[in-house]
Amino acid sequence: MLASSKTIKWHSAAATIALALIAAPHHTPALAQDTGVQKSVHTDADLAKAVEAALAPHFKANEPGATVIVTRDGKPVYRNAFGMADVDAKTPLKPEDVLRLGSLTKQFTAVATLMLVERGKIALSDPITKHLADYPKTGDEVTIEHLLTHTSGIPSYTSSPDYGAGMAKAVTVNEMIARFKDKPLEFKPGSKWQYNNSGYFLLGAIIEKVSGMSYADFVAKEIFIPLGMNDASYEGYERSAKRIVKGYSDATKPAAPLHMSQPYAAGSLIATVDDLAKWDAAIAAGKLLKPESWKRAFTPYTLTDGSKTTYGYGWGVRPVNGVDAVMHSGGINGFSTFAIHIPQAKVYAAMLFNRGGGSPGSATPGYLTEKIAAIAMGKPYPEFKPVTLDTATLDKHIGIYRIDDKTTRTVTREGNQLFIQRTGGGKGPMLAASANQFYLPNSFTTFTFEADASGETTALVTSQTSGTDKSPRISKTPPPEKKAIALAPEVFDRYVGVYTIRSGFTMTVSREGDRFLTQATGQGKIEIGAETEELFFAKVMPAQIRFEKDADGKYSRLVILQNGRETPAKREP
């Protein structure tokens, strides 16, 4: 995750049911921690053991898994694979296997663009209409730099509600551009950051126009071959005998088909983790580009109002445990990815999963990759051991905490567990490290409750990778929760299945006993309660799900109602 709390993937995550806890930086509180895992890792052997210990609990040998590489000082110090490349054939994943990169592709598209800038073929300030003559006049306002930084205002084609229906079909570059080029801009270019696959699709078209080569040929001849990235390619234009492993939407179900002409320069590349290690070594050595271009790629873009984003050219920019880093994630049908480069520590970590959403538990690819990157640079994130507190101690912290005039965090108790929920976001469990210090599982988010001289809780300090903020308590009484009606399990079972929201992004509906659950790609399970037989509400956030019948009377789709939007999802066969 970037500091903006937006997941950087090939698809838009606008309709995801996700936990939102990000706020403005304030200060970093001390938190009690298990000091046994705080020892710096000095030798390569120690590092390999520490990384293995951090990752192994999150994978099952008989399910889809991930390939992993960690380098330090330009040399691999951990290289491994977990899980299956093919579940039915019981073929284990190997580190040398080829997987889809998803939005890690954007790094290569950005560098290809900057190579053409350095050759004088294009300029960052060029309006896109200078190189795409058929693009409408709205393109006069949009520069190449806007495309690189996700600040163009052009609608992202993967965010279209009907996008998923045709994602298996081949399209030409011009056909895809025609789907979005006549739509009005969503904001003035340069005034806002909004993740956008259309921008990188257009960059691919410009690369082809200016270079006279196809995008596949350009990245192969100008990047992959010179760097010895032997198994890297545009999927469908492979240069080696290797082919990608199977991708899955869950533990056993193969991912929905996607024609790779659709992600194109926004997400079509495939590679091994060994290829990515060579890529990072080239970056560290300053190859392909001049130092000024690399610096600019890793510098957060400044919006027209003077505020800085957390994105450069093809990389997200934010610290890893206090040390400057660049990173990106990817999510595409059957695969999820994450890679982190920490220049100061000369550390690189990359994980490629052949499962949409990553590991089978609630730990995301970004969390696991950042965790092992921090270990590799000798500055691991603290590990916490949960302690059990009595309800009287927990109840001291229940209430509403104000972030700003429109936003609060609400702390509630269910049994012997505290939960926290930000306005408009999801409700997450708070595990206790001590009487006043808590943390989110599989996350770097921690909480400290502050008290006055009498012991009365007065404020909540929340610390995350994006910064730290302090919220005063404004009420001891949380709002009442919505109650679900009773619904027979056999009635709910009509809805059980996988629903495609858009390419690479699904929602799985399941039942565990009398609990009704949903799980979006890359997220944990969320319990839902029935309002009617067909309308349900999320118990952890302000969102609803409505199940709908088709003309044949079968429940063939669901609709997510959240933040004033309705997002449909088609049921997979």
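Everything in this summary refers to the structure shown in the same document. (Residues numbered from 1 in each chain as written. Predicted model: local features only at pLDDT ≥ 70, side-chain atom pairs only at ≥ 80, totals over all residues. Heavy atoms only, no water.)

Side note on the nonpolar core
Grouped together as the largest cluster of nonpolar side chains are 81 residues, with contacts concentrated most on Phe 108, Leu 202, Ile 223, Phe 224, Trp 279 and Trp 315. Beyond its immediate sequence surroundings of up to four residues, Trp 315 is in contact with Gln 107, Val 111, Trp 279, Ile 283, Trp 294, Ala 297, Phe 298, Val 326, Met 327 and His 328. Ala 363, Tyr 367, Ile 375 and Tyr 381 belong to the second-largest nonpolar core, a separate cluster that totals 33 residues. (Core = buried A, V, L, I, M, F, W, Y, C linked by side-chain atoms within 4.5 Å. Buried < 20%, exposed > 50% of the residue type's maximum accessible area, 1.4 Å probe, protein only. Contact = heavy atoms within 4.5 Å.)

Some remarks on the environment of Ala 256
The residue Ala 256 is located in the loop between β6 (233-234) and β7 (269-271) in this model. Excluding anything up to four places from it in sequence, Ala 256 contacts Met 167, Asn 333 and Glu 572. (Helix = DSSP H or I, 4+ residues; strand = E, 2+ residues; numbered from the N terminus.)

What about empty space enclosed by the protein?
Inspection of the entire model under this criterion finds three cavities of 30 Å³ or more. By volume, the largest cavity is sized at about 80 Å³. The wall of the largest cavity is formed by 14 residues, among which Ser 249, Asn 333, Gly 504, Phe 505 and Thr 506 lie closest to the centre. Partitioned by chemical class, the residues of the lining of the largest cavity number five nonpolar, eight polar and one charged. Roughly 50 Å³ of volume is contained in the second largest cavity. Along its surface, the second largest cavity is lined by Gln 107, Trp 279, Asp 280, Ile 283, Trp 315, Val 326, Met 327, Ala 339, Ile 340, His 341 and Tyr 348. Class assignment of the residues belonging to the lining of the second largest cavity gives a composition of eight nonpolar, two polar and one charged. (1 Å grid on protein atoms, 1.4 Å probe; cavity = no way out; pocket = protein on both sides within 12 Å on 5 of 7 lines; lining within 4 Å. Points joined across faces, edges and corners; volume = space filled by probe spheres on them. Nonpolar A, V, L, I, M, F, W, Y, C, P; charged D, E, K, R; others polar.)

Comments concerning the pattern of salt bridges
Scanning the model with the defined rule gives 33 salt bridges in all. A salt bridge links Arg 546 to Glu 548, with the nearest nitrogen and oxygen atoms 2.8 Å apart. Among the residues examined, Glu 548 registers a relative accessible area of 19% and is labelled buried. In this structure, a network of salt bridges that share partners links the residues Glu 512, Arg 515, Lys 525, Glu 527 and Lys 539. (Salt bridge = Lys/Arg side-chain N within 4 Å of Asp/Glu carboxyl O.)

Points about the sheet that holds strand β21 (residues 505-512)
Taking strand neighbours around the barrel as the criterion, the eight strands line up as β20-β21-β22-β23-β24-β25-β26-β27 in a closed arrangement whose pairing is antiparallel. Going across the sheet, the axis of each strand differs from the next one's by a mean of 30°, ignoring polarity. Bridge count for strand β20 (residues 497-502) against β21 is five bridges, and the pairing is antiparallel. Considered in β21, the bridge of Thr 500 is made with Thr 506. (Pairing = 2+ DSSP bridges. Axes fitted to C-alpha atoms, helices over the stretch in contact; angles between N-to-C directions.)

Section: the sheet that holds strand β13 (residues 408-414)
Within a sheet, neighbouring strands are paired by backbone hydrogen bonds and run either parallel or antiparallel to one another. As summarised here, the arrangement of the eight strands in space is β12-β13-β14-β15-β16-β17-β18-β19, forming a closed barrel in which the pairing is antiparallel. Within the sheet, the average angular offset between the axes of one strand and its neighbour, ignoring direction, is 30°. Direction of pairing for strand β15 (residues 427-432) relative to strand β16 (residues 437-439): antiparallel, over a ladder of two bridges. Across the sheet, the residue bridging to Ala 432 is Phe 438, located in β16.

Some thoughts on the packing of aromatic side chains
By the definition in use, this model includes 31 aromatic pairs. Geometrically, the ring pair formed by Phe 59 and Phe 353 is stacked, given 5.8 Å between the ring centres and 25° between the ring planes. Here the residue Phe 59 occupies a position in the loop between α1 (44-55) and β1 (66-72), and Phe 353 occupies one in strand β11 (residues 347-353), the gap between them amounting to 294 residues. Neither Phe 59 nor Phe 353 differs from the other in exposure class; each is buried. (Phe/Tyr/Trp six-rings, centres within 6.5 Å; stacked < 30°, edge-to-face > 60°.)

Regarding α1
Between its terminal C-alpha atoms α1 stretches 17 Å, which fits the 16 Å expected from twelve residues at 1.5 Å a residue. Listed as buried for α1 are Leu 47, Val 51, Ala 54 and Leu 55. In an axial view of α1, the angular spread of the buried residues amounts to 90°, which keeps them on one side of the axis. Facing away from the buried side of α1, by more than 90 degrees, are the exposed residues Lys 49 and Ala 53. Against β1, β2 (75-82), β11 and α9 (365-376) lie the buried residues of α1. (Expected span 1.5 Å × (residues − 1). Arc of directions from axis to C-beta.)

Topic: the packing of α1 against α9
Running from N to C, α1 and α9 point in directions that differ by 160°, and their axes come no closer than 10 Å. It follows that α1 is roughly antiparallel to α9 by the angle criterion. Along this stretch, α1 crosses α9, giving a crossing that reads as right-handed. Across the interface between the two elements, Leu 47, Ala 50, Val 51, Ala 54 and Leu 55 of α1 pack against Leu 368, Lys 371, Ile 372, Ile 375 and Ala 376 of α9. Along the lines of polarity and charge, the residues of the contact of α1 with α9 split into nine nonpolar, no polar and one charged. (Parallel < 35°, antiparallel > 145°, perpendicular 65-115°, else oblique. Left-handed = near helix turned anticlockwise from the far one by under 90°.)

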